[in-house]
Amino acid sequence: MEQEAEVSGRRRSELPGRLVSRRFFEQSPETVAPQLLGKLLVSVEAGRILAGRIVEVEAYLGPHSDPPDPAAHSHRGPTPRNMVLFGPAGYAYVYSIYGLYYCMNISCEREGLAGCVLLRALEPVVGVAEMARNRGLDESAPVRMIASGPSRLCLALGLTRPGHNGLDVASAGSSLQVREDDFAAPEVVVTPRIGIKHAVDLPLRFAVRGHPCVSGPKKLERWASNPST
DNA sequence: CTGTGGATTTGCT
DNA sequence: GCAAATCCACAGG
């Protein structure tokens, strides 16, 4: 009898949902970003599964884009830090910020085109108690405190640049994957991006309308919405 | 080689 | 509302 393949100590069938195809990520970041809402980010390490539903993202455009996106890390071309963004689609770009935190993106498009999507908030789904513990939160803390914010998300899942930068999230053997279940396509709110100094008006932030785990000011809810396409 | 500042979070005023 | 915490990538000389 052939034994089912494992990922980091778990049978693959134990992971929630189904793996998202690489083809999905081989599109422009503006296209990929809203469609990531409702999908699952799944981490498997040492037999431990942590997963959250993606409820808030931002698109960052590569230097080839028109108009250009000066807020993107890839804006001035490839560097040792952002090299993953210039590789193929479906890979994790994890960078450190303010010397304290990490943020996670997924590369889009294809080799040479550095568009990406920043993951800004998750609704914890699997391993909620452990995610809370990773954040130093009490068991009684509200669930929305666990992974709402790009660096809180990384803390909750234990994502770091040394441990996770360059991982393939579209591979069944990867310890970090994007997966999808039968969750209904959510209603999407589109707003400007948060925390940047350039291209502040581009409507490239996408969030699940009204979801409690979305970060940022409530006033941004008032922007135009889209049924996802 | 050095200076600058950031896709953040938290805690205090 | 505001500033501190705390690192290093990278642009400029």
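Residues numbered from 1 in each chain as written. Chains lettered and ligands numbered in written order. Predicted model: local features only at pLDDT ≥ 70, side-chain atom pairs only at ≥ 80, totals over all residues. Heavy atoms only, no water.

J.: Can you help me understand the environment of Ala-147 in this one?
T.: Mapped onto the secondary structure, Ala-147 falls in the loop between helix H3 (128-134) and helix H4 (150-157). Spatially, the C-alpha atoms of Ala-147 and Gly-127 are 12 Å apart, while their sequence positions differ by 20 residues. Ala-147 has contacts with Arg-120, Ala-121, Leu-122, Arg-152, Leu-153 and Ala-156, leaving out every residue within four places of it along the chain. (Helix = DSSP H or I, 4+ residues; strand = E, 2+ residues; numbered from the N terminus. Contact = heavy atoms within 4.5 Å.)

J.: Honestly, the protein's contact with DNA strand C in this entry has me stumped. Any pointers?
T.: Residues in contact with DNA strand C, as listed here, are Arg-76, Thr-79, Pro-80, Arg-81, Tyr-98, Gly-99 and Leu-100. Of all atoms in DNA strand C that approach within 4 Å of the protein, 64% are sugar or phosphate atoms. Within the contact set of DNA strand C, a phosphate oxygen lies 2.2 Å away from a side-chain nitrogen or oxygen of Thr-79. For DNA strand C, a sugar or linking oxygen lies 3.4 Å from a polar atom in the side chain of Arg-81. (Near = heavy atom within 4 Å. Polar contact = N/O pair within 3.5 Å; in protein donor to acceptor, adjacent residues only side chain to side chain.)

J.: What should I look at first to understand the side chain of Arg-135 in this one?
T.: Relative to the helices and strands, Arg-135 is located in the loop between H3 and H4. An unpaired buried charge is present at Arg-135: no salt bridge exists, and Glu-56, the closest side chain of opposite charge, is 13 Å distant. Of note is the side chain of Arg-135, whose polar atom sits 2.9 Å from the backbone oxygen of Ile-146. Apart from residues lying up to four places away in sequence, Arg-135 is in contact with Met-145, Ile-146, Arg-152, Leu-155 and Ala-156. (Buried < 20%, exposed > 50% of the residue type's maximum accessible area, 1.4 Å probe, protein only. Lys, Arg positive; Asp, Glu negative; His and termini not counted. Salt bridge = Lys/Arg side-chain N within 4 Å of Asp/Glu carboxyl O.)

J.: Mind showing me how you'd approach the side chain of His-164 here?
T.: Here His-164 lies in helix H5 (residues 161-164). There is a polar contact of 3.3 Å between the side chain of His-164 and the backbone oxygen of Gly-158. Those residues in contact with His-164 that lie beyond four places of it in its chain are Glu-45, Ala-92, Val-94, Gly-158, Leu-159 and Leu-176.

J.: Just to check I follow, could you spell out the packing of aromatic side chains for this structure?
T.: What describes a pair of aromatic rings is the distance from one ring centre to the other and the angle between the planes of the rings. Within this structure, the stated rule accounts for 2 aromatic pairs. Ring geometry for Phe-24 and Phe-25: centres 5.0 Å apart, planes at 80 degrees, overall edge-to-face. Assigned by exposure class, Phe-24 and Phe-25 land together as buried. Positioned above the aromatic ring of Phe-183 is the side chain of Arg-53, whose terminal nitrogen or guanidinium carbon lies 4.0 Å from the ring centre. (Phe/Tyr/Trp six-rings, centres within 6.5 Å; stacked < 30°, edge-to-face > 60°. Lys NZ or Arg CZ within 6 Å of the ring centre and 35° of its normal.)

J.: Got a minute to help me understand helix H2 (residues 29-36) in this structure?
T.: Residues separated by three or four positions in an α-helix point in the same direction, a consequence of the helix having 3.6 residues per turn. Within the sequence span of H2, burial applies to Pro-29, Val-32, Ala-33, Pro-34 and Leu-36. In the stretch just after H2, Gly-38 is the one whose phi turns positive, near 95 degrees.

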